[in-house]
Amino acid sequence: MEFSFLKIFLPLCLHVISSHSTLLANEISPVVVMTWNFHKPAAKAWETLFVEKRSALDAIEESCNLCENNGTECYWLVGMGGCPDENGKTTLDALIMDGVTMNVGAVGAVKDIKNPISVARKVMENTDHTLLVGESVTQFALQMGFETQELSTKNSTRQWKTWKENNCQPNFWRNVVPNPSTSCGPYRLDDKKDMKQETSNKPLDSETNHDTMGVLALDVHGHIAAGVSTNGLKYKIPGRLGDSPVPGAGTYADTNFGAAACTGVGDISLRFLPSFVAVEEMKRGATPQEAAQTALDRMTKFYPKHSNALITMDKVGNYAVACHGFRLYNYRFPYYVANEKLGKATLMYKACFNTSIYFLDHQGKFVYN
């Protein structure tokens, strides 16, 4: 009887084990690449891909949500409580892109909704649109089941009040009166002003004034996705959109070739679409490193005083970083990578090319462009 049992069930068990091994063998080794030194979000993305074997889109949403829900995890640069605008309000931008279908969902200048990446995904999956902006995003989010929540915190309000007490310095105005270098305004046109005249009210170009969480993900099915989430520039003019919610600027993905994400001064990135350029370069045969550098060089040629960085990943998970500036990090850019070889989310640094040293005044202070 024992012999008959083994004769019947042993081949069945071996078949099940063999089938499972074939499935694992056919799976792609997942990869996560993320801007900045945000450990827990990077670990969350890796867990979603490697342990739970969920999609690249899920990994991006889960990791961004972690930052959006817990400002301290990302130094209050992503999500609620960070980077107030001129009116003291926190507004958010996000984009998510499916590299398989080329579908995109994005939201900009979001008010009172703390998870813009999730709302962006609803735009992608539940509408025929690509980008929603402003107060209408809140209405859309409510229809999709989200709840409203005040995005400003005691800390962000305190920062804003200190800024106001300092005559709104720094700010982003120019060629207006009263002088934006010494006054809060309200401003009006100054027809007599030299349009090329420099002002001293510009903010220090550093990671403490802005920055974007960018995530590139390759899942076990070989699907690539990309996403970004941010609350943009500190003390920005209300209504300002940066590169994050614009496809090809903040991020871009194409499963056939790779993905890229950019961080830095979004107003500059918008003018060059560096993420799109990087993916197109990989399409032409460039390595991830060559692609990132080509896209970055286009920006630094015209704006050598600014800090910018690109992360890139090709269709099989090879990754690279190119960066310029980042003085406060000793001209090194921090980023996270997770793959099977590393075994966990691992912090890395990329040495950045630096031309900003040529733009220091006689006191060693940085001269903003």
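Data block above holds the structure.
Note that this is a predicted model, so its numbers are computed, not measured. Starting from 1, residues in each chain are numbered consecutively following that chain's sequence as written. Totals for whole chains, interfaces and linings use all residues, but because this is a predicted model, local features are given only for residues with pLDDT of at least 70 and pairs of side-chain atoms are given and counted only at 80 or more. The basis for every side-chain value is the complete set of heavy atoms in the structure, and neither hydrogens nor water enter the calculation.

Considering helix H3 (residues 56-69)
As a reminder, the rule being used: In this description a helix means any DSSP run of H or I spanning at least four residues, a strand means any run of E spanning at least two, and both kinds are numbered starting from the N terminus. The length a helix should cover is 1.5 Å for every residue beyond the first. Type-normalised accessible area, obtained with a 1.4 Å probe on protein chains alone, sets the label of each residue: buried when under 20%, exposed when over 50%, and partly exposed for intermediate values. Pairs of residues are marked as contacts when any of their non-hydrogen atoms sit within 4.5 Å.
Here H3 spans 20 Å end to end across 14 residues, near enough to the 20 Å set by a 1.5 Å rise per residue. By the criterion of burial, H3 is predominantly enclosed, with 12 of the 14 residues buried. Where H3 is concerned, the buried positions are Ala-56, Leu-57, Asp-58, Ala-59, Ile-60, Glu-61, Ser-63, Cys-64, Asn-65, Leu-66, Cys-67 and Glu-68. Looking at the packing, one finds that the buried side of H3 touches strand S1 (31-35), helix H2 (39-51), strand S2 (92-98), helix H4 (116-126), strand S7 (213-218) and strand S8 (224-230).

Digging into the pairing of strand S10 (residues 258-264)
Counted only if it meets this: In this scheme, strands are said to pair when DSSP sees at least two bridges between them.
Across the seven residues of S10, seven count as buried, placing the element largely inside the fold. Going residue by residue along S10, you find Gly-258, Ala-260, Cys-262 and Gly-264 tucked away on one face and Ala-259, Ala-261 and Thr-263 tucked away on the opposite face as well. When strand S9 (residues 251-254) meets S10, the two strands line up antiparallel, connected through four bridges. From the neighbouring strand, Thr-251 faces S10, where its bridge partner is Ala-261.

Considerations on the pairing of strand S3 (residues 104-110)
To be explicit about the condition: A crossover counts as right-handed when, viewed with the strands pointing away from the observer, the path leading from the first strand over the helix to the second turns clockwise.
Of all seven residues making up S3, seven are buried, and the element is well covered by its neighbours. Judged from the five bridges that link them, S2 and S3 form a sheet pairing that is antiparallel. When the bridges of S3 are listed, Met-97 appears paired with Val-104. Across three bridges, S3 lies against strand S4 (residues 131-133) in parallel orientation. When the bridges of S4 are listed, Val-107 appears paired with Leu-132. Taking the sense of rotation as the criterion, the β-α-β connection linking S3, H4 and S4 turns out left-handed.

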